[in-house]
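Reading the structure
Single-letter residue listing:
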Amino acid sequence: MRTAICPGSFDPVTLGHVDIIRRASKLFEKVVVCVVYNANKKSSFLTLEERKEHVERVTADLPNVTVDTWSGLLVDYAARYEDPVVVRGLRAVSDFEYEFMMALTNKKLNPIVETIFLASDERYTYLSSSGVKEIAFFGGDFDQFVPPEIREDLHRKIDGRSQ
Ligand code: PNS
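In short, a report on the structure. Values in this document were obtained by computation on a predicted structure and should not be read as measured data.

**Notes on helix H5 (residues 129–137)**
When H5 is considered as a whole, its buried residues turn out to be Ser129, Val132, Lys133 and Ala136. Taken end-on, H5 shows its buried residues confined to a sector of 100°, consistent with a single buried face. In the segment just after H5, Gly139 is the residue with positive phi, at about 80°.

In structure tokens, the structure reads:
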């Protein structure tokens with residue numbers, strides 16, 4: 001059985017992420033959302049556990065989706081599964097270079113790991129976790145970009161930081 005792995009930082013999970021996970025859950029029998037520690041990102045807003053819990057909450061209605069955390073190479077995580085397929089959303093041409101580099105690097109590291117891209121829904125092509133964080137830090141209204149189930153937690157986290 002092919003397992004779809006949806007990896008990402010999810011700091012925080014956005015409506016764009018949820019759209020990709022939902023669509024992957026219709027295409028694959030089993031989907032694992034892997035909340036990955038991204039060494040390229042200097043500081044994180046939410047802990048890995050908080051992010052995992054948020055993704056669990058917003059995918060609770062999808063019986064074939066599970067959520068996990070990982071610190072390390074994605075291919076090493078993916079190799080636990082039979083025929084793993086990494087699923088990534090592509091928002092715009094600007095994503096392509098980075099995503100293509102990751103897909104080819106991962107394939108070189110472990111040829112069993114395939115990567116497929118889902119075109120982002122046009123409603124979310126502009127949306128990113130870093131954009132949401134920036135809006136939040138400067139006191140803007142980010143509610144429309146994140147799933148309703150996690151909005152209150154994010155507000156609490158922001159309020160806690162600004163005290
Ligand atoms: O949501 P993001 O930050 O765009 O996700 C990027 C992520 C976490 C999927 C990517 O950085 C990753 O796979 N990190 C794990 C480390 C790794 O395998 N690096 C080699 C890939 S070139």
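Having seen the model, we can carry on.
**A few points about the site of the ligand**
Residues in contact with the ligand amount to 14 residues; listed here are only the nearest, Ser9, Asn38, Lys41, Leu74 and Arg88. Between an oxygen atom of the ligand and a side-chain N or O atom of Ser9, the distance comes to 2.5 Å. Here an oxygen atom of the ligand sits 3.0 Å away from a polar atom, N or O, in the side chain of Arg88. Burial of the ligand by the protein chains amounts to 82% of its free accessible area of 550 Å². For the shell around the ligand, the element with the most residues is helix H4 (residues 93–109), which contributes four residues. Tallied by class, the residues present in the shell around the ligand amount to six nonpolar, six polar and two charged.

**Here's the deal with the packing of aromatic side chains**
On inspection of all chains with the given rule, the structure shows five aromatic pairs. Pairing Trp70 with Tyr77 gives two aromatic rings, centres 5.5 Å apart and planes at 55°, and the pair type is tilted. On the numbers, 5.0 Å between centres and 20° between planes, the contact of Phe96 with Phe100 is stacked. Of this pair, Phe96 and Phe100 both sit in helix H4, four residues apart, roughly one helical turn. The exposure class of Phe100 is partly exposed, given its relative accessible area of 39%. Taken together, the ring pairs in this structure connect Trp70, Tyr77 and Tyr81 into an aromatic cluster.

**With respect to the nonpolar core**
In terms of nonpolar packing, the biggest core is built from 32 residues, with Ile21, Val31, Val33, Val55 and Val87 touching the most fellow members. Sequence-distant contacts of Val31, defined by excluding residues within four places in its chain, comprise Ala4, Cys6, Ala24, Ser25, Asn64, Val65 and Thr66. By size, the runner-up hydrophobic cluster in this structure holds 12 residues, among which are Ile5, Val75, Ala78 and Tyr81.

**Concerning the side chain of Asp95**
Topologically, Asp95 is positioned in helix H4. Look at Asp95 and you get buried, because its relative accessible area is 11%. Once you skip the residues sitting within four places of it in the chain, Asp95 turns out to touch Gly89 and Leu90.

**Observations regarding the pairing of strand S2 (residues 30–36)**
Counting buried residues along S2, six of its seven residues qualify, which places the element largely inside the surrounding structure. As defined by bridge partners, strand S1 (residues 3–8) adjoins S2 across six bridges and the pair is classed as parallel. For Ala4, the partnering residue across the bridge sits in S2 and is Val31. The handedness of the S1 to S2 crossover, carried by helix H1 (residues 15–27), is right-handed. In terms of strand pairing, S2 meets strand S3 (residues 65–70) through six bridges, oriented parallel. Following the sheet pairing, Val36 is matched in S3 by Trp70.

Cut-offs used in this document
- Residues numbered from 1 in each chain as written.
- Predicted model: local features only at pLDDT ≥ 70, side-chain atom pairs only at ≥ 80, totals over all residues.
- Heavy atoms only, no water.
- Buried < 20%, exposed > 50% of the residue type's maximum accessible area, 1.4 Å probe, protein only.
- Helix = DSSP H or I, 4+ residues; strand = E, 2+ residues; numbered from the N terminus.
- Arc of directions from axis to C-beta.
- Near = heavy atom within 4 Å.
- Polar contact = N/O pair within 3.5 Å; in protein donor to acceptor, adjacent residues only side chain to side chain.
- Areas by Shrake-Rupley, 256 points an atom, 1.4 Å probe, with all protein chains shown as cover.
- Nonpolar A, V, L, I, M, F, W, Y, C, P; charged D, E, K, R; others polar.
- Phe/Tyr/Trp six-rings, centres within 6.5 Å; stacked < 30°, edge-to-face > 60°.
- Core = buried A, V, L, I, M, F, W, Y, C linked by side-chain atoms within 4.5 Å.
- Contact = heavy atoms within 4.5 Å.
- Pairing = 2+ DSSP bridges.
- Right-handed = clockwise from strand over helix to strand, strands pointing away.

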